[in-house]
Structure formats: structure tokens, C-alpha cells
Amino acid sequence: SGFHSNAPTASEILTITVDGKTTTYTVSINEATVKVTGLTLDSASKTLTVGGTTTLKATIAPTDATNPNVTWSSSKDSIATVDNTGKVVAVSAGAATITATAADGGYTASCAVTVNAASNGGGNPTTPADITITGTTTTTADGNSKSTATITPSQTNTSTVKDNIVKIGNITVTAPASVLNNALGDGTGLTLSQNVAASSTQTAAQAAAEKVNGTAITVIDIKLSRATATGTEAVHSLSGAVTVTISLTDKQLAVIAADSNAHIYYYDTDTGALTDMNATFDMTAKTAVFTTTHFSTYVISTTKATESTIGVTYSSHVQNLGWQGSVSDGALSGTTGKSLRLEAFNIQLTGAVPTGASITYEAHVQNIGWQKAVSNSAVAGTSGKSLRVEAVKITLSGLDGYEVQYRAFVQGKGWLGWQTTVNGTGIGAGAIAGTVGQSRRLEALEVRIVKIGS
């Protein structure tokens, strides 16, 4: 007898009789497998700005292939990442290749992605939305000027922003349109504001400035917030740098002229740490200019004149960030609040350093322990090995009448107390900043040279 089935997968009974002898068979009928024969992407190349996204579409041939699954990968996740839906996110400037791979047959297709850094100047927006900004200035109850600017997307080219410059009170922010658009995201508007900081913040900032032998002139809040469908949220970090210009008053200029050494610091209200923004002060133009990638509280400060011109500069190699710029005389090097390990550092004396004077330092490194002491800008720690610095010791030699003070920001503990070693005590006697035997990363470091008795 015969059999047939219209089902894609089924079984039938086949009975065969020969010379009166019957044999029965069970026959399974399976659907034929349709193999993948090719894979294509909807784009062979894409150009993005840092923070931008795009979604690639993969097409399997034939369209009725039994297994149409595709996996995604990036040749450089540090430049651009891709998820399992083909969504690409631009991380940093550079080039990366996004590849789709068919689960059946291993066929591949690629898209070359170029990521451009956000422009630091004015000009046309690098993302689709134009920008409209309107500003207002009000006077608060204490007589201070509080200024705000509302930033909204515009569907026309009638932007009220010239070269993406936002002026609020005595603060001017020059921001690439791409940075503002990335900050806006899917929100309905941004508000940029500047105001004199609260009195409690001013008091705390003054105390922080005194730790670096400074005096706070002004403490200001420069903040950005985003309006969404559910409310308002603060925007702290930006996708690129913006330039901030502060117009200085005659009173501020007089204080700066008297002390002759002015700084603008980013003030971390959570930790009390100061980060020097390396601002440029123009006494003729009456301005102070610096660049930043976040909006927060800033301190205009002067450094008190001292009898000594001996100072110290230092820099840190930080996880995912690499070598940071040098800071000096008690400023923060590294990061806080980002859970990033400090991997290496160097320190150097500055100013009228006597012949033969040196600063010597030693790092306790994960899996290594205490390394050999080094001096005068040599690197302590490691780079490219993903090993954390856990503790440091520092001392001076050939610098009579001085001591070195230093402290560490440690994982799970925050800022530990200041450690001090006096000239000539030797690195072996140096007090430890950080921890040993606790597997805790050191995240930031502050160092200063102090004249004994000052």
C-alpha cells in the first residue's frame, strides 16, 4: 500500500506484503532544511559623532532560510559598540568595523564606521536638530544675579544662537550644537543656569581652597537640566567639551592682581575635592576662560603669596582614561565617584628647587606589592596591565625646612587623612596613604609641599 502527507513533519505506516508475508514500517517525513546562502547589510559605511547612534539592518538570503539568526560584533568596542539588534553607539573618535555573522553557514557582512569627535567651535550643527535658545536674567532675594537660558529643538534655521554661543549673565558658554543635541536626547528642552552658590557651599569651598593655600573669591553654580515627559533631570556629563568664559568684576580683578596667581577649580560637593581647570585669565579683557565636559560648581580662587616658591606637580594614569594632565600643589589627580582605578603616577618638584633636592615615591601595586622607589617625574605603578595602585609612600631629600603632605581617595573609604613625611626621613619611613592587604583600589591622589612652621 502507498502513503502520502501534506504536513511539513509527519509519520505514516507503510505495509509491504510479499508472497503472503507482511512487513510494516513507520516512515517519518521531515520538512526540507533551507540553508542560508548569503548575508548583506543595508549600509557599507556610516559616519557618526561621539554619542550618536545608528541601527544596521541585516538581510539573510534566501528570506525563508530555516535559521535566519545573526550575531553582531565590533572590531573596536572602545570606538563603537553594537548590540544584538544591530544598534551602533559611537563611543570615541576613530574607526571601527561592525560585522554581522549568520548562524547558519558563517556568512558575514561588514559596515565601516567612522566616529568623529564633537566639534569644539561654533558653526553648523553636526546633528539634525537646529537649536533655539532664549535667555532671561533675574535678581534673587540676596541681590545676586541668576540667569537661565532655555534650549529647545527647532525645525527651521531661524536659530537665535550665533555660533552656538549661550550668554547667561556674566557667563558665556560656547558649545558645539552636537553636544547640546546629545544632552537634549529625547527631552523636550534644556535649561542652562548660573547662580552664586548657596552660602553653605561657599563656606565648604573656601575651606577646600585653603587646603591648597588659596582663597576663594567667588563660588558659582553652572548647571544644565533636561525637561522630559516625566519631569526635570540634571545633566552633569557632556559628550564633548564646551568653553566657558566668565566676565570678571573690578573687585575680583583687584584681588587677582594683588595675589598674582588665580585659578578656577571644579568643586566636588560630595567629596570636597578641587580640580584645577587650567583657566586662562586675561586682565585686559577682564575674563577667565576654561573648557569643561560637565556643569557643576566652580570656584574662582587665588593662591596666597608665600616665602617659598617650591611646589609640586603630578599626574595619574587612570583606568579607561590613560594619562591625565598634570595638576599641582594639592589639586586632585585621578577621579572620584567613577570607580576607576589609578594605575600609575609621577611626581616632580617645581620652582626654585635647590641642587640635589628630590622627591621620592613608591607604589604598592596589585599582585606585585611595593615596587622599587623612584624619583623626580619617573613613573611609579604600571600601565597597560590593568593593575590597581593600592597605596603610596612619598618623601623629600635635600629640601631642608620642608615636608610633603599627601592623601589618597580609596575604594569604599573615600578620602583618607593627610600623611606627612619630613625632608630626609627616607622612603622606608614614609607614611602610607591608601591600604595594603585589602585589595582596594586607589582612585585619586593629592600632594603638596609645605614649609615647616608656615
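To start, this report covers the structure provided alongside it. Note that this is a predicted model, so its numbers are computed, not measured.

1. Quick word on the sheet that holds strand 8 (residues 80–82)
Link 1 in the chain: The strand order 5-9-8 describes an open sheet built from three strands, whose pairing is antiparallel. In this open sheet, the two edge strands, each paired with only one partner strand, are strand 5 (53–55) and strand 8. Strand-to-strand twist in this sheet, taken as the mean axis angle between neighbours without regard to direction, amounts to 20°.
Link 2 in the chain: Sheet analysis places strand 5 next to strand 9 (residues 87–90), joined by three bridges and oriented antiparallel. Directly across from Thr 53, in strand 9, lies its bridge partner Val 89.

2. Regarding the side chain of Asp 104
Link 1 in the chain: Residue position: Asp 104 is located in the loop between strand 10 (94–102) and strand 11 (108–116).
Link 2 in the chain: At 3.1 Å, the side chain of Asp 104 forms a polar contact with the side chain of Lys 35.

3. Quick look at the environment of Ala 254
Link 1 in the chain: Residue position: Ala 254 is located in helix 3 (residues 250–259).
Link 2 in the chain: In this structure Ala 254 comes out as partly exposed when scored by relative accessible area, which is 48%.
Link 3 in the chain: Placed 29 residues apart in sequence, Ala 254 and Met 283 show a C-alpha to C-alpha distance of 9.7 Å.

4. Thoughts on helix 1 (residues 177–184)
Link 1 in the chain: Within helix 1, seven of the eight residues are buried, which leaves the element mostly enclosed by the surrounding structure.
Link 2 in the chain: Every buried residue of helix 1 is listed here: Ala 177, Ser 178, Val 179, Leu 180, Asn 181, Ala 183 and Leu 184.

5. Quick notes on the nonpolar core
Link 1 in the chain: In this structure, Phe 345, Ile 347, Ile 359, Val 447 and Ile 449 are the most contacted members of the largest nonpolar core, which totals 32 residues.
Link 2 in the chain: Counting only elements with at least two residues in this core, the list comes to strand 25 (311–318), strand 29 (342–350), strand 30 (358–365), strand 34 (389–397), strand 35 (402–410) and strand 39 (442–451).
Link 3 in the chain: Per-element tally for this core: the top contributor is strand 35, with five residues.
Link 4 in the chain: In this structure, Phe 345 is in contact with Ser 315, Ser 316, Trp 323, Tyr 361, Glu 362, Ala 363, Ala 378, Val 379, Ala 380, Val 389, Val 392 and Leu 445, ignoring residues within four places of it in sequence.
Link 5 in the chain: In this structure, Ala 175, Val 179, Leu 192 and Leu 248 belong to the second largest nonpolar core, which totals 31 residues.

6. Looking at the packing of aromatic side chains
Given two aromatic rings, their pairing is described by the distance between the two centres and the angle made by the two planes.
Link 1 in the chain: A full pass over the atoms with the stated rule returns four aromatic pairs.
Link 2 in the chain: Each ring, one from Phe 345 and one from Tyr 361, has its centre 5.6 Å from the other, and the planes form 40°; the classification is tilted. Taken together, the residues Phe 345 in strand 29 and Tyr 361 in strand 30 connect sequence positions 16 residues apart. Here Phe 345 and Tyr 361 have matching classes, each one buried.
Link 3 in the chain: If you follow Lys 393 out to its NZ or CZ, it ends over the ring of Trp 370, 4.6 Å from the centre.

7. A look at helix 2 (residues 199–211)
Link 1 in the chain: Compared with the 18 Å implied by 1.5 Å per residue over 13 residues, the 19 Å span of helix 2 between its first and last C-alpha is a close match.
Link 2 in the chain: Of all the positions in helix 2, only Thr 201, Ala 205, Ala 208 and Ala 209 are classed as buried. Seen end-on, helix 2 carries its buried residues on one side only, within an arc spanning 100°. Away from its buried face by more than 90 degrees, helix 2 exposes Ser 199, Ser 200 and Thr 203.
Link 3 in the chain: Contacts made by the buried residues of helix 2 are with strand 17 (214–228), strand 20 (262–267), strand 21 (274–276) and strand 24 (297–303).
Link 4 in the chain: One or two positions beyond helix 2, positive phi appears at Asn 213, with a value near 65°.

8. Comments concerning the pattern of salt bridges
Link 1 in the chain: Counting across every chain of the model gives seven salt bridges.
Link 2 in the chain: Residue Asp 250 is joined to Lys 286 by a salt bridge in which the shortest nitrogen-to-oxygen separation is 3.2 Å. Taken as a pair, Asp 250 in helix 3 and Lys 286 in the loop between strand 22 (280–282) and strand 23 (287–294) lie far apart in primary sequence, 36 residues in all.
Link 3 in the chain: For Asp 250, a relative accessible area of 54% translates into the label exposed.
Link 4 in the chain: Classification of Lys 286 as partly exposed rests on a relative accessible area of 37%.
Link 5 in the chain: For Glu 390, the salt bridge goes to Arg 388, with nearest N and O atoms at 2.8 Å.
Link 6 in the chain: Given a relative accessible area of 16%, Arg 388 falls into the buried group.

9. Observations regarding the pairing of strand 39
Within a regular strand, side chains alternate between the sheet's two faces.
Link 1 in the chain: Along strand 39, nine of the ten residues are buried, which leaves the element largely enclosed by surrounding structure.
Link 2 in the chain: Of the strand pairs in this sheet, strand 28 (residues 333–334) and strand 39 are connected by two bridges, and their pairing is antiparallel. Of the residues in strand 39, the one forming a bridge with Gly 334 is Ala 444.
Link 3 in the chain: Alignment of strand 35 against strand 39, held across nine bridges, turns out to be antiparallel. Within strand 39, the position partnered with Phe 409 by the bridge is Ala 444.

10. Considerations on the environment of Thr 201
Link 1 in the chain: By the secondary structure assignment, Thr 201 is in helix 2.
Link 2 in the chain: For the pair Thr 201 and Thr 269, spaced 68 residues apart in sequence, the C-alpha separation works out to 7.5 Å.
Link 3 in the chain: Those residues within four positions of Thr 201 in sequence are excluded, and the remaining contacts are Val 219, Tyr 267, Thr 269 and Thr 297.

11. Let's talk about the sheet that holds strand 11
Link 1 in the chain: Sheet architecture is open: four strands sit in the order 4-11-10-7, paired in mixed fashion. Looking at which strands have only one partner, the edges of the open sheet turn out to be strand 4 (45–49) and strand 7 (70–74). Taken over all neighbouring pairs, the strand axes of this sheet differ in orientation by 25° on average, direction set aside.

12. Some details on the pairing of strand 34
Link 1 in the chain: Most of strand 34 is tucked away: eight of the nine residues are buried.
Link 2 in the chain: Bridge analysis of strand 30 against strand 34 gives eight bridges, and the strand direction is antiparallel. Opposite Thr 360, over in strand 34, you have Thr 395 as the bridge partner.

13. What to know about a nonpolar patch on the surface
Link 1 in the chain: On the surface, a cluster of nonpolar side chains totalling about 270 Å² of accessible area is made up of Ile 16, Val 18 and Tyr 25.
Link 2 in the chain: Along the polypeptide, Ile 16 turns up in strand 1 (residues 10–18).
Link 3 in the chain: Classification of Ile 16 as partly exposed rests on a relative accessible area of 37%.

Reading the values: the criteria
Residues numbered from 1 in each chain as written. Predicted model: local features only at pLDDT ≥ 70, side-chain atom pairs only at ≥ 80, totals over all residues. Heavy atoms only, no water. Pairing = 2+ DSSP bridges. Helix = DSSP H or I, 4+ residues; strand = E, 2+ residues; numbered from the N terminus. Axes fitted to C-alpha atoms, helices over the stretch in contact; angles between N-to-C directions. Polar contact = N/O pair within 3.5 Å; in protein donor to acceptor, adjacent residues only side chain to side chain. Buried < 20%, exposed > 50% of the residue type's maximum accessible area, 1.4 Å probe, protein only. Core = buried A, V, L, I, M, F, W, Y, C linked by side-chain atoms within 4.5 Å. Contact = heavy atoms within 4.5 Å. Phe/Tyr/Trp six-rings, centres within 6.5 Å; stacked < 30°, edge-to-face > 60°. Lys NZ or Arg CZ within 6 Å of the ring centre and 35° of its normal. Expected span 1.5 Å × (residues − 1). Arc of directions from axis to C-beta. Salt bridge = Lys/Arg side-chain N within 4 Å of Asp/Glu carboxyl O. Patch = residues over 30% accessible without salt bridge, like charges linked within 9 Å, V, L, I, M, F, W, Y side chains within 5 Å. Areas by Shrake-Rupley, 256 points an atom, 1.4 Å probe, with all protein chains shown as cover.

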